[in-house]
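Chain by chain, the residues:
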Amino acid sequence: MLDRPVLDKTGFTGAFDLKLRFTADQATMGLPGSGGPGDPGGSGIPANPDLPNIFAALQEQLGLKLVPAKGPVEVLVIDHVERPTAN
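From a predicted model like this one, the values you see are computed outputs, not experimental measurements.

1. Quick notes on the overall build of the chain
And step 1. The helix and strand inventory of the chain stands at 1 helix and 0 strands.
And step 2. Relative to its 87 residues, the chain shows a buried fraction of 14%.
And step 3. Long-range pairs, those at least 24 residues apart, make up 58% of the contacts in the chain between residues at least 6 apart in sequence.

2. So, the packing of aromatic side chains
And step 1. Counted by the stated rule, this structure contains 1 aromatic pair.
And step 2. On the numbers, 6.1 Å between centres and 55 degrees between planes, the contact of Phe12 with Phe16 is tilted. Accessibility classification places Phe12 together with Phe16 in one group, the exposed group.

3. Thoughts on a nonpolar patch on the surface
And step 1. Together, Val6, Phe55 and Leu66 make up an exposed nonpolar region whose accessible area comes to about 250 Å².
And step 2. Its location among the elements puts Phe55 in helix 1 (residues 54–62).
And step 3. Exposure remark for Phe55: the relative accessible area of 38% places this residue in the partly exposed category.

4. Some details on the environment of Thr28
And step 1. If you trace the backbone, Thr28 turns up in the segment before helix 1.
And step 2. With a relative accessible area of 2%, Thr28 lands in the buried category.
And step 3. The spacing of Thr28 and Ile54 is 26 residues in sequence and 7.5 Å in space, taken between C-alpha atoms.

What counts and how
- Residues numbered from 1 in each chain as written.
- Predicted model: local features only at pLDDT ≥ 70, side-chain atom pairs only at ≥ 80, totals over all residues.
- Heavy atoms only, no water.
- Helix = DSSP H or I, 4+ residues; strand = E, 2+ residues; numbered from the N terminus.
- Buried < 20%, exposed > 50% of the residue type's maximum accessible area, 1.4 Å probe, protein only.
- Contact = heavy atoms within 4.5 Å.
- Phe/Tyr/Trp six-rings, centres within 6.5 Å; stacked < 30°, edge-to-face > 60°.
- Patch = residues over 30% accessible without salt bridge, like charges linked within 9 Å, V, L, I, M, F, W, Y side chains within 5 Å.
- Areas by Shrake-Rupley, 256 points an atom, 1.4 Å probe, with all protein chains shown as cover.
- Salt bridge = Lys/Arg side-chain N within 4 Å of Asp/Glu carboxyl O.

Below, the structure is given as structure tokens:
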């Protein structure tokens with residue numbers, strides 16, 4: 001959603017039901033309806049100038065902060081491809 005992996009370092013376990021209010025911007029182009037990658041032809045989420053962006057909303061509303069860092073990422077490596085043979 002944020003165009004990069006997010007590594008959870010909160011230490012929280014279990015399921016949570018949260019409501020986060022923020023305005024759509026470049027950072028949230030992966031959200032459903034944004035028209036971003038994975039949502040061709042989306043209607044677009046209207047920006048609301050009265051709401052903070054997702055980074056400020058996470059900090060203000062949930063007390064969480066997204067911090068750029070390096071960490072492990074799952075990668076799929078394809079080292080060989082062949083066309084299937086006819087049956």
